[in-house]
Amino acid sequence: MADQRITDIGPPKYDKFLPPIIKANYGKWDFHEVLKPGVMVHVGESGDKLFTVRASSPRLLAIATIRMFCDLADKYCDGFLRFTTRNNVEFLLTEEKNIDPLIADLKKEGYPVGGVGNSISNIVHTQGWVHCHSAASDASGVVKALMDELMPHFENMELPAKLRVAFACCLNMCGAVHCSDIAVLGVHTKPPRIDHTELPKQCEVPTLVASCPTGAIRPATVEGNKSVEIEDPQCMFCGNCYTVCPSVKINNAETDGISIWVGGKVSNARREPMFSKLAIPYLPNNPPRWPEVVEAVKHLVELYAKNARKHERMGEWIDRIGWSRFFKIAGIPFTKYHIDDFTHAGETYKRSVHLKH
């Protein structure tokens with residue numbers, strides 16, 4: 001009976017939407033290879049070939065754009081496309097002759113093709129000022145400014161290895177900034193400001209106290225109002241308190257900024273996954289083009305492209321030359337903020353199943 005049950009709870013079974021060629025060769029792929037920037041082919045044991053064309057998208061899409069992608073999919077690949085975790089759109093073709101016409105139509109509509117192989121893929125990013133209440137910076141605006149400069153590295157494959165860039169608008173980090181080659185992270189630098197008059201009307205003090213992961217918030221009576229106080233040295237500016245209480249405002253237009261992290265990766269190729277580490281502690285928020293952030297990230301990309309060996313990821317290159325040399329050639333001053341003195345920062349904490357003998 002369980003197999004026959006029909007329910008609207010949960011997502012549909014994953015294989016319901018798979019293209020027929022993928023269903024036929026599921027678990028039986030022989031190899032895949034990159035044919036040219038933005039185009040790769042998967043070859044099954046049966047000899048079947050599935051061609052993938054990858055184009056970038058701005059993540060926040062208009063309905064008209066989605067319909068345009070769907071029209072192109074109907075025209076060239078029987079309606080089959082997918083969106084990647086980095087907001088690329090991939091068209092799944094079975095006819096090799098359709099590749100070049102599809103690319104031409106995508107470029108005509110203003111969507112570059114690339115992000116495959118030794119290149120920069122689309123920047124995965126968070127909500128930013130469009131939606132998030134605790135953002136220290138915008139997301140879509142910074143990513144747009146960055147990719148306008150880095151687009152040549154998306155459309156060609158001339159980097160030593162693939163380069164993954166991520167953006168998160170605060171350290172709650174619903175982006176992949178903890179494990180990307182270059183990570184751009186919005187940072188709050190001051191503890192929240194408390195509106196003691198409104199707090200008793202809007203918030204539950206016990207819930208607000210419990211929301212702080214470091215125990216920095218304490219109950220207090222201020223000017224006759226039941227409120228809270230914050231132990232500044234314990235605050236890590238996460239904004240979790242603002243999530244449960246709008247009277248505890250973490251956003252600060254004058255002091256919020258952006259930090260740059262480097263050296264992370266999820267891949268277990270050659271060596272185990274790596275966490276990103278701080279490179280530049282603070283850059284100012286200067287919308288709409290964030291010139292300081294764009295210049296810093298572009299400088300790191302060009303430095304990596306010039307000095308890393310073939311197949312070396314950013315973190316592997318830095319580990320080979322040493323962090324002190326990296327700071328020197330990158331022109332980044334080493335400060336007290338680069339010292340990881342967090343109580344639970346485990347230098348030997350095991351982050352993968354890799355074993356050393």
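Residues numbered from 1 in each chain as written. Predicted model: local features only at pLDDT ≥ 70, side-chain atom pairs only at ≥ 80, totals over all residues. Heavy atoms only, no water.

One open sheet holds the 5 strands; their spatial order is β6-β7-β8-β13-β14, and the pairing between them is mixed. In this open sheet, the two strands that pair with only one neighbour each are β6 (124-125) and β14 (277-284). One ladder, built from 5 bridges, connects strand β13 (residues 257-262) with β14; its direction is antiparallel. Considered in β14, the bridge of valine 262 is made with lysine 277. Together, β8 (182-187), β13 and β14 form the strand contacts of helix α8 (residues 291-307), whose direction differs from that of β14 by roughly 150 degrees. (Pairing = 2+ DSSP bridges. Helix = DSSP H or I, 4+ residues; strand = E, 2+ residues; numbered from the N terminus. Contact = heavy atoms within 4.5 Å. Axes fitted to C-alpha atoms, helices over the stretch in contact; angles between N-to-C directions.)

Quick look at the side chain of asparagine 285 now. The residue asparagine 285 is located in the loop between β14 and α8 in this model. One polar contact links the side chain of asparagine 285 to the main-chain carbonyl oxygen of alanine 136, over a distance of 2.8 Å. Within the structure, the side chain of asparagine 285 is placed 3.0 Å from the side chain of tryptophan 290, a separation counted as a polar contact. Beyond its immediate sequence surroundings of up to four residues, asparagine 285 is in contact with Ala136, Ser137, Asp256, Gly257, Ile258 and Trp290. (Polar contact = N/O pair within 3.5 Å; in protein donor to acceptor, adjacent residues only side chain to side chain.)

On to the pattern of salt bridges, then. Side-chain pairs of opposite charge can arise whenever the charged atoms involved come near each other. Within the structure shown, the criterion is met by 14 salt bridges. Between aspartate 15 and lysine 13 there is a salt bridge; the shortest N-O distance is 3.2 Å. Where salt bridges share partners, they join Arg54, Arg82 and Glu90 into one cluster. (Salt bridge = Lys/Arg side-chain N within 4 Å of Asp/Glu carboxyl O.)

This part takes up the nonpolar core. For soluble globular proteins, nonpolar side chains are generally found buried alongside one another. Within the largest apolar cluster, 43 residues are counted, with the highest numbers of intra-cluster contacts made by Phe167, Ile182, Ile260, Val293, Val297 and Phe326. Elements with a minimum of two residues in this core: α4 (140-155), β7 (165-168), β8, β13, β14, α8, α9 (314-321) and α10 (323-330). Among residues more than four places away in sequence, those in contact with valine 297 are Leu146, Leu150, Ile182, Val184 and Ile260. Counting residues in each nonpolar core, the second largest holds 21 residues, with Val39, Ala73, Phe91 and Leu93 among its members. (Core = buried A, V, L, I, M, F, W, Y, C linked by side-chain atoms within 4.5 Å. Buried < 20%, exposed > 50% of the residue type's maximum accessible area, 1.4 Å probe, protein only.)

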